[in-house]
Amino acid sequence: MTTAAPAADPVLDPLPLLKGLGSLRKLTGMYPPGHPAIAQKLGELDAAVQAHLRRTDVLRLDVIHGEVHVDGLSVRPEGNANAKVLEELTGLGIDSIHISRGVSPADLHGLSVFLWELRDSAVSAPMAVQLAARGVCHISLARLVPLDTRWRATSWAERPADVYDPAYAESLDLMQGTFESVQDGRELKLDTVRHVVELLIEKVSGSSAALAQILAVKMYENLTYCHSVNVATLSLLLARSVGLDAQTIAAIGEAALLHDIGKTRIPLDVIRKPGALDKRERALMESHTVFGARILVEVEGLRRLTPTVALEHHRAATGAGYPDLGDRRPHLMSQLVAVADIYEAVTGARTYQAPAQPEQACLVLARLAGSKLNAALVKAFVAAVTFFPIGSVVRTNRDETGVVVATNPSDPLHPVIALATTDFARVPGQVDTSLREPSGGYARHIVETLQPPLGLDIGDFLQA
Ligand SMILES: [Fe+2]
Ligand SMILES: [Fe+2]
């Protein structure tokens, strides 16, 4: 599985570089241009910068809460002298210096002159403009938003590249429009919601192609409308597997589809913020439950429990969680949506999180069973989804790669797979990994789920 942060070289020591820059800045203030002291310091600084840039295209020095970060990783320099070096820079209103490959001694000199001139004046025009006016290239300066690590977050495509099932594609489009219009302050379109619930019940939740995309890891930024369609589909799957009646199933579809509607009231930069939320942001994020319930109680014609599920879906089965509603346990319908919600979130990519494979998501659910989640519902969900759901790319103990095209309910660890060549082209036919050899042992085991390789068209494999 890929992670958001690439394997990095050992962290570079930024202090000689920062000290060199500080000294050069003072020298440019003290001596006329071309003075040997300036030339010597400039030579040293340039050598240090170029040494860094041989290992990375851009050298990023950020001072975040008094700590230097090199390329996003914190280094904790000890000692007062070092603290002084940092103070000099931050005192000038600068806590971020990015230097890219191609930087010249003239650029570094221009930077130190600019920093010297900042001595008496606060930063007025944008720093990029001021640097450009001095002919300084390959260097950018900025004030950082505290703890902003956005630049190193992975950016994912906004939605699945190809949607194989037309009803799933239609549901995504309709809910995107619905969420956007609520975000703009318009009323929730009840007709659209009903139509999508119908599509999900009658088509999407029974379509292998759609389920393959919903159950397997999702390599795209899982925005709220998409997450909502997926959670609703998974909730329907779970509701069916525990034998609920048609009326209840329809109510669950609606409630699950709208469980996160309150997120339309939360600024997108908080929803997509990589890294930890601060206290205020966390409180705001958690309030999507209350916002959601408020939006939904105002809509006439929705089912009775739809606002309840929006309010309670982050409450624990034992009664904890948010919002604080005392010891009251959430409605069973909220507990059901909570299981689908967590599975969907864990297998989905976010700016701050690489997606997890289905079997890892099932293990997450298993860990939460009995505390946050209802244990019986987790058991039913994992049985319905299985560890290797349709659409998973797997490796067998014979070192074959294949795509799961059917599951064996009586033997969930041994699905039917379509094999792939080393170039990920489909090998005709299917292999049932639950088949046994004359000795009684399995002919094949699934060893692991693989990250789907870029460009792999799972739809190709799902066609019989
Ligand atoms: Fe939520
Ligand atoms: Fe959710």
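A brief look at the structure comes next. Predicted, not measured: the structure shown is a model, and the values here were computed from it.

What follows covers the overall build of the protein. Counting its secondary structure elements, the protein contains 18 helices and 12 strands. Residues classed as buried in the protein amount to 38% of the 464 residues present. Put simply, of all contacts in the protein between residues at least 6 apart along the chain, 67% involve residues at least 24 apart.

On to the sheet that holds strand β12 (residues 446–450), then. Through backbone hydrogen bonds, the strands of a sheet pair up, either in parallel or in antiparallel fashion. Pairing within the open sheet is antiparallel, and its five strands lie in the order β11-β10-β9-β8-β12. Every interior strand has two partners, whereas the edge strands, β11 (431–432) and β12, have only one. Judged from the five bridges that link them, strand β9 (residues 401–406) and strand β10 (residues 416–420) form a sheet pairing that is antiparallel. For Val 404, the partnering residue across the bridge sits in β10 and is Ile 417.

Bringing the pairing of β10 into the picture now. Direction of pairing for β10 relative to β11: antiparallel, over a ladder of two bridges. The residue bridging Ile 417 from the neighbouring strand is Val 431, located in β11.

Topologically, Leu 257 is positioned in helix α10 (residues 246–257). Put simply, Leu 257 and Asn 230 are 27 residues apart on the chain and 8.3 Å apart in space, counted from C-alpha to C-alpha. What Leu 257 contacts, discounting residues up to four positions off in sequence, is Val 193, Val 196, Val 197, Ser 228, Val 229 and Ala 232.

The rules behind the values
Residues numbered from 1 in each chain as written. Chains lettered and ligands numbered in written order. Predicted model: local features only at pLDDT ≥ 70, side-chain atom pairs only at ≥ 80, totals over all residues. Helix = DSSP H or I, 4+ residues; strand = E, 2+ residues; numbered from the N terminus. Buried ≥ 20, exposed ≤ 12 C-beta atoms within 10 Å, placed from the backbone. Contact = placed C-beta atoms within 7 Å. Pairing = 2+ DSSP bridges.

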